[in-house]
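An overview of the molecular structure
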Amino acid sequence: MLRGALLLLAAVLGLAAAYSTGNYNDNDRYNNQNNNYYNNQNQQRYNTSQQRTKDIFCFLNATNIVRHPFHEVNSDTKGPFTVDIMKPELCTHIVYNAVELDIRSNNIRPVDPEVERDSGSQPTFSQLVYLKERNHHLKLILSVSGSYLDFFKLAQDSQRLPQFINNVDQYLTRIKFDGVNIDWRYPELNQRAAFTTFMTNLKSALRNHGRLLTTVLHPYKRLVQEVYQQQQELFDVVDYWFIMIPDLAGEKMFKSMATAPLKAGEGYDVDHSVTDLKEIFAQHSYKLILAIPFGGKQITTNHENTGFDMNRRGKPLTQESFAYNKICKIIRNDWKLTWSKDEEVPYAHNGNRVFTYEDAESVKIKTLYAMREGLGGVMAYTIDMDDYDGACTNSGSPYHNNKKYNDQSYRSSQDSSANKFPLLQSMYDTIQRGPNSAGVHTSSLALVLAIALAMILQHNA
């Protein structure tokens with residue numbers, strides 16, 4: 001009797017494992033046989049990657065908040081973007097774009113004086129530092145923006161550059177940040193030596209306090225290759241390189257309507273960019289961070305369309321950029337949703353208007369891609385563009401009830417905070433599950449247990 005029950009249990013476990021694996025593959029876009037990207041010919045490529053991805057860089061753009069007041073951009077949200085609503089536990093690093101290069105004083109200055117105060121309309125430095133109480137491992141990086149010509153002038157001046165570096169180092173000490181990002185977009189071939197000098201000298205100063213140095217990286221191979229290839233010293237001193245995938249839009253010239261297509265068939269896509277940059281960076285590829293845009297654009301054409309098939313119908317009449325927290329509200333009514341299988345991005349269309357954007361599903365796919373390619377991490381670009389107050393996810397709209405576009409691991413929570421920052425949450429959940437995604441481990445364990453139990457019973461028979 002006992003032996004029969006155990007045999008029955010083994011059979012049930014085996015069937016459950018098979019069903020679980022089959023059910024997961026039938027419903028998961030990343031692993032099923034109909035997937036247009038993660039197919040058999042790429043499997044070896046992923047299996048041999050080092051799968052280092054673990055860091056999430058949360059980019060917060062003070063410039064956006066200053067230039068687009070709450071009442072103009074997010075008029076139907078529940079409140080303005082504040083530090084209080086942030087979820088620092090989802091980030092390993094916060095990159096705060098709050099200062100710009102002041103070439104006249106060899107220094108940096110805030111884009112808004114509010115960021116230096118203890119309280120104000122902007123997320124302040126002190127408020128961000130306080131987030132470390134909620135995430136003790138959180139690193140804060142100050143992003144310095146500026147004209148590439150101004151950076152070049154400063155880097156060439158042997159007297160002004162040390163002054164600037166000393167000022168930056170002191171500024172970081174005062175605001176208690178852990179590093180600096182140099183948003184130099186982008187060094188040209190004749191600036192290569194100056195850029196290398198700039199970064200190596202800056203890192204020498206930062207190293208004394210154990211601070212990080214990061215910078216932005218153009219996603220287009222030719223522009224990177226001519227400036228960075230075989231720059232071993234530069235690869236060594238920079239801790240992280242942010243692949244600015246949103247800047248592909250300026251290079252592809254309407255070859256794809258999507259802002260960040262995984263594969264576009266023309267070479268101007270995430271896959272081609274990452275593959276090319278890994279070849280250039282070689283053993284330093286683990287320093288590459290994939291920046292995923294938390295927004296999209298509205299495109300108008302001179303014809304009605306069905307979404308992504310408009311890619312092959314000529315140039316659009318107009319384009320306008322939008323944050324995800326704006327797009328998700330606009331498309332709630334009277335918009336048809338489609339999915340581009342090649343690009344792995346959603347589209348929403350209404351007559352001659354089309355939105356191409358990133359959602360929780362496409363963010364999940366790109367995060368999984370970064371993991372399987374062995375990159376150092378991903379960047380949420382930018383978190384102030386996410387649905388930070390859950391206005392869309394709490395709306396009960398058909399769009400957000402559609403399982404295809406949502407991750408139940410956080411949508412189903414009864415805690416209202418679980419509906420906030422859905423794109424960032426999708427990114428975090430994907431990394432927590434690992435490169436093989438959720439569900440696989442449980443079914444695999446059940447299958448192993450079933451086989452082991454059957455072998456024991458056969459041995460004792």
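Criteria and cut-off values
- Residues numbered from 1 in each chain as written.
- Predicted model: local features only at pLDDT ≥ 70, side-chain atom pairs only at ≥ 80, totals over all residues.
- Heavy atoms only, no water.
- Pairing = 2+ DSSP bridges.
- Helix = DSSP H or I, 4+ residues; strand = E, 2+ residues; numbered from the N terminus.
- Axes fitted to C-alpha atoms, helices over the stretch in contact; angles between N-to-C directions.
- Contact = heavy atoms within 4.5 Å.
- Salt bridge = Lys/Arg side-chain N within 4 Å of Asp/Glu carboxyl O.
- Buried < 20%, exposed > 50% of the residue type's maximum accessible area, 1.4 Å probe, protein only.
- Expected span 1.5 Å × (residues − 1).
- Parallel < 35°, antiparallel > 145°, perpendicular 65-115°, else oblique.
- Left-handed = near helix turned anticlockwise from the far one by under 90°.
- Nonpolar A, V, L, I, M, F, W, Y, C, P; charged D, E, K, R; others polar.
- Phe/Tyr/Trp six-rings, centres within 6.5 Å; stacked < 30°, edge-to-face > 60°.

**So, the sheet that holds strand β12 (residues 345–350)**
- Across the sheet, which stays open at both edges, the 5 strands sit in the order β10-β9-β13-β12-β11 with antiparallel pairing between neighbours. Looking at the sheet topology across the chains shown, the edges are occupied by β10 (318–323) and β11 (336–340). Neighbouring strand axes in the sheet, compared pairwise and without regard to direction, differ in orientation by 25° on average.
- Of the pairings in the sheet, the one linking β11 to β12 comprises 5 bridges and is antiparallel in character. Looking at the pairing, Leu337 lines up with Ala348 of β12.

**A look at the side chain of His284**
- Mapped onto the elements of the fold, His284 is located in the loop between α12 (270–281) and β8 (288–293).
- Every residue in contact with His284, bar those within four places of it in the chain, is listed here: Gln232, Phe235 and Asp236.

**As for the pattern of salt bridges**
- A complete count under the given rule lists 13 salt bridges for this structure.
- In this structure, Arg109 engages Glu100 in a salt bridge whose closest nitrogen and oxygen atoms are separated by 3.1 Å.
- Owing to a relative accessible area of 31%, Arg109 belongs among the partly exposed residues under this scheme.
- Judged by its relative accessible area of 27%, Glu100 falls in the partly exposed class.
- Linking Arg174 and Glu116 is a salt bridge whose minimum nitrogen-to-oxygen distance equals 3.5 Å. Separated by 58 residues along the polypeptide, Arg174 in helix α7 (residues 160–175) and Glu116 in the loop between β3 (107–110) and α5 (125–130) bring together distant segments of the chain.
- Residue classification places Arg174 among the exposed positions, given a relative accessible area of 53%.
- Here Glu116 falls in the partly exposed class, since its relative accessible area comes to 36%.

**Examining helix α17 (residues 422–433)**
- Across its 12 residues, α17 extends 16 Å between first and last C-alpha, which sits within 8% of the 16 Å expected from 1.5 Å per residue.
- Of all 12 residues making up α17, 10 are buried, and the element is well covered by its neighbours.
- Of the positions making up α17, those classed as buried are Pro422, Leu423, Leu424, Gln425, Ser426, Met427, Asp429, Thr430, Ile431 and Arg433.

**Focus on the packing of α7 against helix α8 (residues 192–207)**
- Between α7 and α8, the least distance of the axes is 10 Å, while the angle of their chain directions is 40°. Looking at the two axes, α7 sits oblique to α8. In this structure, the crossing between α7 and α8 has a hand that is right-handed. Along the contact surface, α7 presents Leu161, Phe164, Ile165, Asp169 and Leu172, while α8 presents Thr197, Phe198, Asn201, Leu202, Ala205 and Leu206.
- In the contact of α7 with α8, the residues fall into 8 nonpolar, 2 polar and 1 charged.

**Quick look at the packing of aromatic side chains**
- Counting across every chain of the model gives 21 aromatic pairs.
- With a centroid separation of 5.8 Å and an interplanar angle of 40°, the aromatic rings of Phe164 and Phe198 are classed as tilted. Of this pair, Phe164 sits in helix α7 while Phe198 sits in helix α8, placing them 34 residues apart in sequence.
- Judged by its relative accessible area of 0%, Phe198 falls in the buried class.

**Some details on unusual backbone geometry**
- With an omega dihedral of -20°, the bond running from Arg185 to Tyr186 counts as a cis peptide bond.
- Mapping Tyr186 onto the fold places it in the loop between β5 (179–184) and α8.
- Even without a glycine there, the phi angle at Asn106 is positive, about 55°.
- Position of Asn106 relative to the elements: it lies in the loop between β2 (93–102) and β3.
- By relative accessible area, which is 8% here, Asn106 ends up buried.
- The phi angle at Lys176 is positive, at roughly 65°, despite the residue not being glycine.
- Residue position: Lys176 is located in the loop between α7 and β5.

**Focus: the pairing of β2**
- Most of β2 is tucked away: 9 of the 10 residues are buried.
- Pairing geometry for strand β1 (residues 55–61) and β2, over 5 bridges, is parallel. Bridge assignment links Phe59 to a residue of β2, and that residue is Val95.
- Where β2 and strand β4 (residues 139–146) come together, 7 bridges link them in parallel fashion. Residue pairing for β4: Glu100 is matched across the bridge by Ser145.
- Turn length for the β2-β3 hairpin, with the two strands adjacent in sequence and antiparallel, is 4 residues, and the turn residue Asn106 shows positive phi of about 55°.

**Considerations on the pairing of β12**
- Where burial is concerned, most of β12 is hidden: 5 out of the 6 residues are buried.
- As consecutive antiparallel partners, β11 and β12 are separated by 4 residues, and within that stretch Glu344 has a phi angle of approximately 55°, a positive value.
- As paired elements, β12 and strand β13 (residues 353–357) share 4 bridges and run antiparallel to each other. Bridge pairing in β13 links Ala348 to Phe355.
- The antiparallel hairpin formed by β12 and β13 contains 2 residues in its connecting segment, where Gly351 sits at a positive phi of about 65°.

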